[in-house]
Amino acid sequence: MKLYEYEAKKIFEMEGIPVPKGEKIEDADPDAFNRYEKIVLKSQVLSGGRGKAGGIKFPETVAEFQKNVNELLGSKIKDFEVKSLLVEEKLDIDQELYCGITISRADGKVVVMVSSEGGVDIEQVAKESPGKIISEKIDIRKGLPIHKVIDMARKIGIREKKELEVANILVKLYSIFRKYDAETAEINPLVITKDDRIVAADAKLDIYDEALFRHPEFKREDEFFTELEREARRYGLGYVEMDGNIGVIGNGAGLNIATLDILRFYGGNPANFLEVSGRTYMLAGKALEIVLKNAKVKIVMGNFFGSISRCDVIAQGITNAIKEGKVTVPLIVAMRGNGAEEGRKILKKAGIEVYEDDKVAAKKVIGILGHAEGN
Ligand code: GDP
Ligand code: MN
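A short tour of the structure in this document, coming up. (Residues numbered from 1 in each chain as written. Chains lettered and ligands numbered in written order. Predicted model: local features only at pLDDT ≥ 70, side-chain atom pairs only at ≥ 80, totals over all residues. Heavy atoms only, no water.)

### Details of the environment of Ile207
Condition: Counting from the N terminus, the helices are DSSP H or I runs at least four residues long and the strands are E runs at least two residues long. For each residue, the accessible area found with a 1.4 Å probe, counting protein chains only, is set against the maximum for its type, and the residue is called buried under 20%, exposed over 50%, and partly exposed in between. Residues count as neighbours in contact if any of their non-hydrogen atoms are within 4.5 Å of one another.
When you line up the elements, Ile207 lands in strand E12 (residues 204–207). Ile207 gets classed as buried once you look at its relative accessible area, which sits at 0%. Taking the C-alpha atoms as reference, Ile207 lies 31 Å from Ala271; in sequence the two are 64 residues apart. Excluding residues that lie within four positions of it along the chain, Ile207 makes contacts with Met1, Leu3, Tyr180, Asp181, Ala182, Glu183, Leu212, His215 and Phe218.

See the structure below:
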């Protein structure tokens, strides 16, 4: 999970890496502008390359500041909606360095990288002048010894007192990388200012998803879910909203994906993915209700392969939803496997069209939709 720059900078600051004075804002209140001598205004989105994409501004007057804030908030930078901005004291840059720690895909080892060519896209530096990036693989049982990073700093041309300062920042970055179970920890650029300070002007911290349970303070999956997705999650249902008009319910993630594929193959456009399985298979009725809350849904296809989740139990859940008057569009079901024969009987009795073969069911769905649209 990627952290926002302002979140990563808070951590950097706590762990002793110097960051610019700054604050997160969500409106154009001029107080924020007036608190600093010169400012930089940075869109908070989960992507790099914001500078080039127009997401970073240097307003010099309050009027300019307010104009920039109002233009950036709600706009899209690199496909992400800008919901907040970071206001910071603008640094007078003498030199921009690069520092990064990540995991090497080739051998799974931790790699520490530094370069004198910070600020720009580091991948480009790697391609065009790979000699300008100094990298070292780390044995995590031994950690990152200071002499190694001093040596790296020297190799990129850092001298005297600054060697130790850059080396210290790398050691701290490494300890953040370990402490927060990061996949990537990066400072690009690490700025040497004209008045000789070393400051992290940007901060990137990407936490390994499988380790998030150890960092509950960063949980924010909710932000990216639609309202229906949030509701489904409260019932433990795996639901993903899409933009078509055919509702889909299936037991098992694989069967759901196969159902989406079959529907698309016959020219349909699914409205969602919804998995009822394991302990949730008895929730078929609730699942149906959630699928139907999406106003775009014109028809629903249920596709079930009975295993531990028995088809007859699923059928009962669906029938109950029908009895409660919750099913307001046509429903076509395919069922086979454990409890399927019984399940099909239950559904037929409730007036639902049910098949054994899901391809037949999918064709039926497309046929009904085409008919409704007058094709
Ligand atoms: P990114 O484009 O998303 O990586 O955003 P950065 O925070 O790295 O900013 C991009 C570029 O904007 C930097 O490489 C700098 O050249 C410039 N920049 C960012 N902050 C400052 C600042 O405080 N002062 C100056 N002069 N330039 C800055
Ligand atoms: Mn950057």
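### As for the pairing of strand E8 (residues 110–115)
To keep things clear, this is the line we draw: Any two strands are treated as partners once DSSP identifies two or more bridges connecting them.
Burial analysis of E8 places 6 of its 6 residues in the buried class, the great majority of the element. When strand E7 (residues 93–103) meets E8, the two strands line up antiparallel, connected through 6 bridges. Each bridged residue has a counterpart across the sheet, and for Ile101 the counterpart in E8 is Val112. Taking the residues between adjacent antiparallel strands as the criterion, E7 and E8 are bridged by 6 residues, where Gly108 takes a positive phi near 75 degrees. Direction of pairing for E8 relative to strand E9 (residues 133–138): antiparallel, over a ladder of 6 bridges. The partner of Val111 across the bridge, within E9, is Lys137.

### Observations concerning the pairing of strand E14 (residues 246–250)
Extensive coverage of E14 is indicated by the burial of 5 of its 5 residues. The side-chain alternation of E14 yields two buried faces, one formed by Ile246, Val248 and Gly250 and the other by Gly247 and Ile249. Examined bridge by bridge, E14 and strand E16 (residues 299–306) share 5 bridges and lie parallel to one another. Within E16, the position partnered with Gly250 by the bridge is Asn303.

### Comments concerning the coordination of the manganese ion (ligand 2)
For clarity, the threshold we go by: As a rule, N, O and S atoms within 2.8 Å of a metal are its donors, except that Na, K and Ca use 3.2 Å; water is not among the atoms, so sites may look incomplete.
Taken together, Asn188 (O) and Asp202 (OD) make up the full set of protein donors to the manganese ion (ligand 2), lying 2.2 to 2.3 Å away. Here Asn188 is found in strand E10 (residues 182–193), whereas its partner Asp202 is found in the loop between strand E11 (198–200) and E12, with 14 residues between them in sequence. Under the relative-accessibility criterion, Asn188 is labelled buried at 14%.

### So, helix H11 (residues 340–349)
Defined as follows: As used here, the arc belongs to the directions running from the helix axis to the C-beta atoms.
Residues Ala340, Gly343, Arg344, Ile346 and Leu347 constitute the buried set of H11. Looking down the long axis of H11, one finds its buried residues gathered within 160 degrees of arc, a one-sided arrangement. Along H11, exposed side chains directed more than 90 degrees from the buried face belong to Glu341, Lys345, Lys348 and Lys349. Close packing links the buried residues of H11 with helix H10 (311–323), strand E17 (331–337) and strand E18 (353–355). In the stretch just after H11, Gly351 is the one whose phi turns positive, near 85 degrees.

### Focus: the side chain of Thr184
Note the following rule: Think of a polar contact as two N or O atoms within 3.5 Å of one another; within protein, one of them needs to be a possible hydrogen donor and the other a possible acceptor, and neighboring residues in sequence only count if both atoms come from side chains.
Mapped onto the secondary structure, Thr184 falls in strand E10. For Thr184, a relative accessible area of 14% puts it in the buried group. A polar contact is formed between the side chain of Thr184 and the side chain of Thr102, at a distance of 3.4 Å.

### Description of the packing of aromatic side chains
Applied cut-off: Ring geometry is summarised as follows: Phe, Tyr and Trp rings, the Trp one being its six-membered ring, pair when their centres sit within 6.5 Å, and such pairs are stacked at plane angles under 30 degrees, edge-to-face over 60 and tilted between the two.
Counted according to the given criterion, the structure contains 5 aromatic pairs. When the centroid spacing of 5.4 Å and the interplanar angle of 40 degrees are considered together, the rings of Phe33 and Phe65 count as tilted. Placement of Phe33 in helix H2 (residues 30–34) and of Phe65 in helix H3 (residues 62–72) is noted, with a sequence separation of 32 residues between them. We classify Phe65 as buried; its relative accessible area is 0%. Between the aromatic rings of Tyr174 and Phe177, the centroid separation amounts to 6.5 Å while the plane-to-plane angle is 15 degrees, which identifies the pairing as stacked. Of the two residues, Tyr174 and Phe177 both sit in helix H6 (residues 161–179), 3 residues apart, roughly one turn of that helix. The pair Tyr174 / Phe177 is uniform in exposure class, with both members buried.

### Things to note about helix H8 (residues 253–265)
As a reminder, the rule being used: The span expected for a helix works out to 1.5 Å for each residue beyond the first.
With 13 residues, H8 extends 18 Å between its outermost C-alpha atoms, agreeing within 8% with the 18 Å of an ideal straight helix rising 1.5 Å per residue. Taken together, the buried positions of H8 are occupied by Leu255, Asn256, Thr259, Leu260, Ile262 and Leu263. For H8, the buried positions fall inside an angular range of 165 degrees around the axis, keeping them on one side. Looking at the buried side of H8, the elements it contacts are E14, strand E15 (272–275), E16, E17 and helix H12 (358–372). Phi turns positive, to about 95 degrees, at Gly267, one or two residues after H8.

By themselves, these are just geometric observations and shouldn't be taken as functional.
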